[in-house]
Amino acid sequence: MTVQDPLPAVDPQPLTDPVPLTGCPYKTNPYPLYERMREAGPVHRVLFPSGVQAWLVTGYEAAHSALNDDRLGKNHDRGNDRWRARASIMPEPQHSQLQAHLLHQDPPTHTRMRRLVTDSFTPRRVEQLEPRFQELADALVDALPDTGPADLVSGFAARFPFLVLAEVIGLPGELAACFDRDWGKVVQPVGPEDPGRPLYEARLHGLQSYIAEVVTHKREHGDDDLLGRLVGARDQGELSQAELDSMIFQLLVAGQEPVTNQITTALIALFRHPDQLARLRDDPGLMPRAVEELLRHDSAFELTTWRFFDRDSDLYGTEIPAGDSVIVSLCAANRDPRRFPAPDTLDLDRSPNPHLAFGHGIHFCPGAALARAELRIALGTLLARLPGLHLAIEDGDIEWIPAVLGRGTNHLPVGYDRRL
């Protein structure tokens, strides 16, 4: 297989009910399965590795509509007993303490909480910080070997988004240095009977202790930054303790891991299309539009988090029981040929490009401007400073992370001619 060959397709068996979203072939390349699901209809019952069943929305029109459907709520209290029996993987009391963040709230609570973070992620503020982001990116490249091979995850992609995030939210350097990236794996479900459960719970407790340390530091120093303002909001009664801890949890995990994964998926897409990689390297002015296409082509946020109807409801002709989980496939929507001509083609000139990589509606990612800037700077820096950048393993040997909702890889071995 060359890097320009198409990905191996999943076996075209008839769709089952539920459709299993499991196994290496699916995680390696979910798009043939999503294509078959779109053709069969917009809504399908699916089965996740944890045993959770959900209703998956796949087409662009249906996805766009579901993301804006005010009948669908995000609060976990809406989930029924069938969902709760397998989906509430995070044990108590941690589930109550760390899951009260924006992704799991509905208005007016969501509105109140979101208002506290939006000013820190405005396009104007992000633009003001971009020179500092560039310094961080260059410093990481400076630390790479003079010539390949190198792992761009451990050497760059896993570190750059966290360093940027620390700058934006006000995480002190001494605390940033103590953050364990493995704590982010608490969002990857591990059932109570899984042999990895003790490690999962250890990570969970480690992250909780870290969050408590952050809160204590900010309360003692009274810093005027996002973390300091959130702690102040808690002390003034605007947030509960669970909301404060959950928002810090969301910032630390959702604020960096998806960008790490998006850097890897974008690089893999470019490695598979060396002509496009060369074009982007030679014409940096293409970068803003290229970032939008790379987000559409293979989004790190493959699926949204849970949504629920509070009563039995019709969704595109499918009756959904109250409290069953509804999930939108952003990746499937972004490859819908009814919205995107030649959707499987990486086209850096694609315009318009109304992809759903950051969601839509009231839960549109508040950090979208920051993520776009990080991708522009990360890709631009790597392409400019590592001539001859290429994948150093066979395409089929890429190990995709087993996360249910996201796409990415924990390792990305690359080669390059030299480091400039």
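Source: prediction; values computed, not measured. All residue numbers here refer to positions counted from 1 along the written sequence of the relevant chain. Predicted model: local features are reported for residues with pLDDT of at least 70 only, side-chain atom pairs are reported and counted for 80 or more only, and whole-chain, interface and lining totals are derived from all residues. Excluded from the side-chain calculations are hydrogens and water; all other atoms, namely the structure's heavy atoms, are used.

A. Looking closely at the overall build of the protein. Runs of E in the DSSP output that reach at least two residues are strands. Runs of H or I that reach at least four are helices, and both are numbered from the N terminus. A tally of regular secondary structure across the protein gives 18 helices and 11 strands. Two things to know: the radius of gyration comes from C-alpha atoms, and the globule rule equals 2.2 Å times the number of residues to the power 0.38. Relative to the globule expectation of 22 Å for 420 residues, the C-alpha radius of gyration of the protein, 21 Å, shows essentially globular dimensions. Over its C-alpha atoms, taken along the principal directions, the protein stretches across nearly 60 × 55 × 45 Å. Counting only residues that meet the buried cut, the protein has 54% of its 420 residues in that class. Contacts between residues were defined by any pair of non-hydrogen atoms, one from each residue, lying within 4.5 Å. Sequence-distant contacts in the protein: of pairs separated by 6 or more residues, those separated by 24 or more amount to 73%. Here, Shrake-Rupley sampling with a 1.4 Å probe gives the accessible areas, and only protein chains in the shown set may cover a residue. Surface summary for the protein: the accessible area is close to 17900 Å², and the carbon and sulfur share equals 52%. His is not counted here, nor are the chain ends, while Lys and Arg score as positive and Asp and Glu score as negative. A single reference atom marks each charge: NZ on Lys, CZ on Arg, CG on Asp, CD on Glu. With 42 positive and 59 negative side-chain charges, the protein shows a separation of 2 Å between the mean positions of the two kinds. Remark: exposure states derive from per-residue accessible area (1.4 Å probe, protein chains only) relative to the maximum for the residue type, with buried under 20%, exposed over 50%, and partly exposed in between.

B. Expanded view of the pairing of strand 2 (residues 43-47). Pairing geometry for strand 1 (residues 19-20) and strand 2, over 2 bridges, is parallel. What sits directly across from V19, in strand 2, is V46. Here, strands pair whenever DSSP counts at least two bridges between them. By the bridge criterion, 5 bridges tie strand 2 to strand 3 (residues 53-57) in an arrangement that is antiparallel. Following the sheet pairing, V46 is matched in strand 3 by A54. The turn joining strand 2 and strand 3, which pair antiparallel and follow one another in sequence, is formed by 5 residues; a positive phi near 95° is taken by G51.

C. Main features of the pairing of strand 9 (residues 325-328). The alternating pattern of strand 9 places S325 and I327 and V326 and V328 on opposite faces, both of which are buried. When strand 3 meets strand 9, the two strands line up parallel, connected through 3 bridges. Within strand 9, the position partnered with W55 by the bridge is V326. By the bridge criterion, 2 bridges tie strand 6 (residues 307-309) to strand 9 in an arrangement that is antiparallel. Its bridge partner lying in strand 9, R307 is registered against V326.

D. Focus on the environment of M287. Here M287 shows up in helix 16 (residues 287-297). Expressed as a C-alpha distance, the spacing of M287 and G51, which sit 236 residues apart in the sequence, is 41 Å. Every residue in contact with M287, bar those within four places of it in the chain, is listed here: L280, R376, L379 and G380.

E. Up close: the state of the cysteines. Defined by distance alone, a disulfide is two cysteine sulfur atoms within 2.5 Å. Within this structure, the stated rule accounts for 0 disulfides. C331 provides the cysteine sulfur closest to C24, a residue in no disulfide bond, and the two sulfurs are 17 Å apart.

F. Quick peek at the sheet that holds strand 5 (residues 150-151). Here we have 3 strands laid out as an open sheet, ordered 5-11-10, and antiparallel in their pairing. Edge positions in the open sheet fall to strand 5 and strand 10 (390-391), since each of these has one partner strand only. Strand direction decides the pairing type here: strand 5 and strand 11 (residues 413-415), joined by 2 bridges, are antiparallel. Counterpart to D151 in the pairing with strand 11 is P413.

G. Spotlight on helix 2 (residues 31-40). Those residues of helix 2 lying buried are Y31, P32, L33, Y34, M37 and R38. Looking at the buried positions of helix 2, the neighbouring elements they touch are strand 1, helix 1 (24-28), strand 2, strand 3, helix 16 and helix 17 (330-333). Count one or two residues on from helix 2 and you reach G41, which has phi positive near 150°.

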